[in-house]
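As a plain string of letters, each chain reads:
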Amino acid sequence: MDSALKIAVAVRSGARSAADVLAESLAVVTTEDDRIHAFNTVATEQAYEAAAAVDSAVAQGRDPGILAGVPVALKDNMCTNGLETTCSSRILDGWKPPYDATSVERLREAGAIIVGKTNMDEFAMGSSTENSAFGATRNPLDTERVPGGSSGGSAAAVAAGMVPLSFGSDTGGSIRQPAALCGTVGFKPTYGAISRYGLIAFASSLDQIGPFATTVEDAAAAFVAIAGHDPRDSTSIPAAVPDVMAALGRGAQGLRVGVISELMGQAIEGFEPEVLAQTRAAADALADAGATVEEVSIPSTIYGLSAYYLIAPAEASSNLARYDGVRYGNRVTEGLTTADMMIATRTAGFGPEVKRRIMLGTYALSAGYYDAFYGKAQRVRTLILNDFNAAYERFDVLLSPTSPCVAFPFGAKADPLAMYLNDVCTIPSNLAGHPAISVPFGTGAHDLPVGVQLLGPILGEAAIFQAAAVLETAAPKGSA
Ligand code: GLN
């Protein structure tokens, strides 16, 4: 499909109808999705109604919005009024929220057409989408391999050309890692830049919504469309949205880029050599375009993974307590006491990874261990934030691989720790609350795409997009 912005220009000018664009998108979904399984739900009827509304706005000379007629896919943890929102969990199977998330509301106002809801690791816990209760999503570039996760369905939907734009959530890398593995752009904004109202919570202090796109410009436009203060989210930032669109054409002249040495295979093992080589090539490309590029050490990044796997499960164990068969979702009953009903409901409703996280988090928060585990992890979090802030006194953006490896075969990371290690590059910016983007840059093993990551300070989105646009232009041919 055309890029999102190209579609919006055509629809706004009346050159193309939103209904026609939607038909093109749905035709690809029909031919591809049996094989890929990017979608949990396709909302054909509602999508055609929304497209008709956009087309009539155009016909009547009303502004149809900056994403007019752009088909979008939403991760299945973003609440959509009257449309199933399951988190790919049996416990929410069939649940239809009575309201839209703020991001969804803003997408509708911008004229985007919601095609459907995408598959994910259950409650966003995972890095391969194999943890979905409804079956895995396949990587469109090699269907024997995972698309990454947890927003694997959203990444695959864009990579397969079903939609030009999709949205996911990123708690520890769940937008950037699948974007890297599927060869798309994936962006996690500053914590608080996009409202979390109506995003089903995994770890509330880390969760952020963001876009997947085929171009850096589309990702920037998608960010602008849904970012901005929302009084319904107490952690939403009451500040102006960074002007990322203006940053796109600035080039790299004078930009100060730091390459994170710990994430270049120097302190942490397990990086594929091709991934490191492409990241070095990306650093060279920025230097060639006029940036100053230096290595920088962020010593505490090596503790990010350990801190995350205490903080995120701790928050999840609290957030997921609401699924008790009483207030939300599905219930197992038949002659049970209330306590037995809750146990039976949660036993049947949650998959093994979700149960593992709940147990881990409950343990980390328990009276005798709270300070040794959760408290210590919080102190490490502060250390990481301080290390990053020190680096941003000298650099505008930092660079690293997005994922240590390219897309891997199904079942290859059955050991939970092996799976967790996928997020070693992405987790630190979630802990710091900082923005980061993954941009496709060449290929690695098996000719599969490599993603490189650009990181910035709080509301440092403009420099990130400035550098991302340069890398997009400089990327070796064959980059997805
Ligand atoms: N893969 C990480 C996890 O399993 C991150 C998930 C996410 O960002 N939602 O927790």
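The rules behind the values
Residues numbered from 1 in each chain as written. Predicted model: local features only at pLDDT ≥ 70, side-chain atom pairs only at ≥ 80, totals over all residues. Heavy atoms only, no water. Patch = residues over 30% accessible without salt bridge, like charges linked within 9 Å, V, L, I, M, F, W, Y side chains within 5 Å. Areas by Shrake-Rupley, 256 points an atom, 1.4 Å probe, with all protein chains shown as cover. Salt bridge = Lys/Arg side-chain N within 4 Å of Asp/Glu carboxyl O. Helix = DSSP H or I, 4+ residues; strand = E, 2+ residues; numbered from the N terminus. 1 Å grid on protein atoms, 1.4 Å probe; cavity = no way out; pocket = protein on both sides within 12 Å on 5 of 7 lines; lining within 4 Å. Points joined across faces, edges and corners; volume = space filled by probe spheres on them. Nonpolar A, V, L, I, M, F, W, Y, C, P; charged D, E, K, R; others polar. Expected span 1.5 Å × (residues − 1). Buried < 20%, exposed > 50% of the residue type's maximum accessible area, 1.4 Å probe, protein only. Arc of directions from axis to C-beta. Contact = heavy atoms within 4.5 Å. Near = heavy atom within 4 Å. Polar contact = N/O pair within 3.5 Å; in protein donor to acceptor, adjacent residues only side chain to side chain. Sits in = over half its atoms within 2 Å of the grid points. Pairing = 2+ DSSP bridges. Axes fitted to C-alpha atoms, helices over the stretch in contact; angles between N-to-C directions. Parallel < 35°, antiparallel > 145°, perpendicular 65-115°, else oblique.

### What about a nonpolar patch on the surface?
Logical step 1: There is a patch of nonpolar side chains on the surface, built from Ile 66, Val 224, Val 241 and Met 245 and spanning about 280 Å² of accessible area.
Logical step 2: Its place among the elements puts Val 224 in helix α7 (residues 216–226).

### A closer look at empty space enclosed by the protein
Logical step 1: Tallied over the entire structure, the rule returns four cavities of 30 Å³ or more.
Logical step 2: In this structure, the largest cavity spans a volume of roughly 80 Å³.
Logical step 3: What lines the largest cavity is a set of 13 residues, and nearest its centre among them are Ala 124, Gly 126, Ser 174, Tyr 308 and Asp 423.
Logical step 4: Partitioned by chemical class, the residues of the lining of the largest cavity number five nonpolar, six polar and two charged.
Logical step 5: A volume near 60 Å³ is recorded for the second largest cavity.
Logical step 6: Along the walls of the second largest cavity sit Gly 192, Ala 193, Phe 223, Ala 227, Gly 228, His 229, Ile 237, Ala 239, Ala 240, Val 241, Pro 242 and Leu 459, which together make up its complete lining.
Logical step 7: Looking at the lining of the second largest cavity, its residues break down into nine nonpolar, three polar and no charged.

### Concerning helix α12 (residues 352–365)
Logical step 1: For α12, spanning 14 residues, the distance from its first C-alpha to its last is 20 Å, which sits close to the expected 20 Å at 1.5 Å a residue.
Logical step 2: Along α12, the positions that sit buried rather than exposed are Glu 353, Val 354, Arg 357, Ile 358, Gly 361 and Ala 364. Considered in projection along α12, the buried side chains sweep an arc of 135° and stay on one side of the axis. Exposed residues on α12 whose side chains face more than 90 degrees from its buried face are Pro 352 and Met 359.
Logical step 3: Where the residues of α12 are buried, they touch α10 (304–319), α11 (338–349), α13 (371–391) and α14 (416–420).

### Section: the site of the ligand
Logical step 1: Not every one of the 15 residues close to the ligand is listed here, only the nearest: Gly 172, Ser 174, Tyr 308, Arg 357 and Asp 423.
Logical step 2: Separating an oxygen atom of the ligand from a backbone N or O atom of Gly 126 is a distance of 2.8 Å.
Logical step 3: Measuring from a nitrogen atom of the ligand, one finds a side-chain N or O atom of Ser 127 at 2.8 Å.
Logical step 4: Burial of the ligand by the protein amounts to 100% of the accessible area it has alone, namely 290 Å².
Logical step 5: Here the ligand occupies the largest cavity.

### Things to note about the pairing of strand β6 (residues 208–213)
Logical step 1: Among the six residues in β6, six count as buried, and that is most of the element.
Logical step 2: With six bridges connecting them, strand β4 (residues 165–170) and β6 associate as antiparallel partners. Residue pairing across strands places Gly 168 opposite Gly 210, the latter belonging to β6.
Logical step 3: In the sheet, strand β5 (residues 185–188) pairs with β6 via two bridges, with the strands oriented antiparallel. For Gly 186, the partnering residue across the bridge sits in β6 and is Phe 212.

### Quick word on helix α1 (residues 4–13)
Logical step 1: Buried within α1 we find Ala 4, Leu 5, Ile 7, Ala 8, Ala 10 and Val 11.
Logical step 2: Against the buried residues of α1 lie α2 (18–36), α3 (44–59), β2 (71–75), β4, α7 and α8 (244–247).
Logical step 3: Count one or two residues on from α1 and you reach Gly 14, which has phi positive near 85°.

### Looking at the sheet that holds strand β10 (residues 436–443)
Logical step 1: Pairing within the open sheet is mixed, and its 11 strands lie in the order β1-β3-β2-β4-β6-β5-β10-β11-β9-β7-β8. Edge positions in the open sheet fall to β1 (39–42) and β8 (292–296), since each of these has one partner strand only. Neighbour-to-neighbour, the strand axes of the sheet open up by a mean angle of 30°, direction not taken into account.
Logical step 2: For β5 and β10, the ladder comprises three bridges, and the chain directions are antiparallel. Of the residues in β10, the one forming a bridge with Gly 186 is Ser 438.
Logical step 3: Relative to strand β3 (residues 113–118), α3 is tilted by about 155°, and along the sheet it contacts β1 and β3.

### Some thoughts on unusual backbone geometry
It is generally the case that most residues other than glycine have a negative phi and that most peptide bonds are trans.
Logical step 1: Here the amide bond leading from Gly 149 into Ser 150 is cis, since omega sits at 10°, within 30 degrees of zero.
Logical step 2: With respect to the helices, strands and loops of the structure, Ser 150 is situated in the loop between β3 and α5 (152–159).
Logical step 3: Positioned with a positive phi, His 37 is a non-glycine residue whose angle comes to about 55°.
Logical step 4: Positioned with a positive phi, Cys 87 is a non-glycine residue whose angle comes to about 55°.
Logical step 5: As for its placement among the helices and strands, Cys 87 is situated in the loop between β2 and α4 (102–109).

### Brief notes about the packing of α10 against α12
Logical step 1: Remark: α10 packs on α12, axes separated minimally by 7 Å, with the N-to-C direction vectors making an angle of 100°. If you check the angle between α10 and α12, you find them roughly perpendicular. Residues Tyr 309, Leu 310, Pro 313, Ala 314 and Ser 317 of α10 pack against Arg 357, Ile 358, Leu 360, Gly 361, Thr 362, Ala 364 and Leu 365 of α12.

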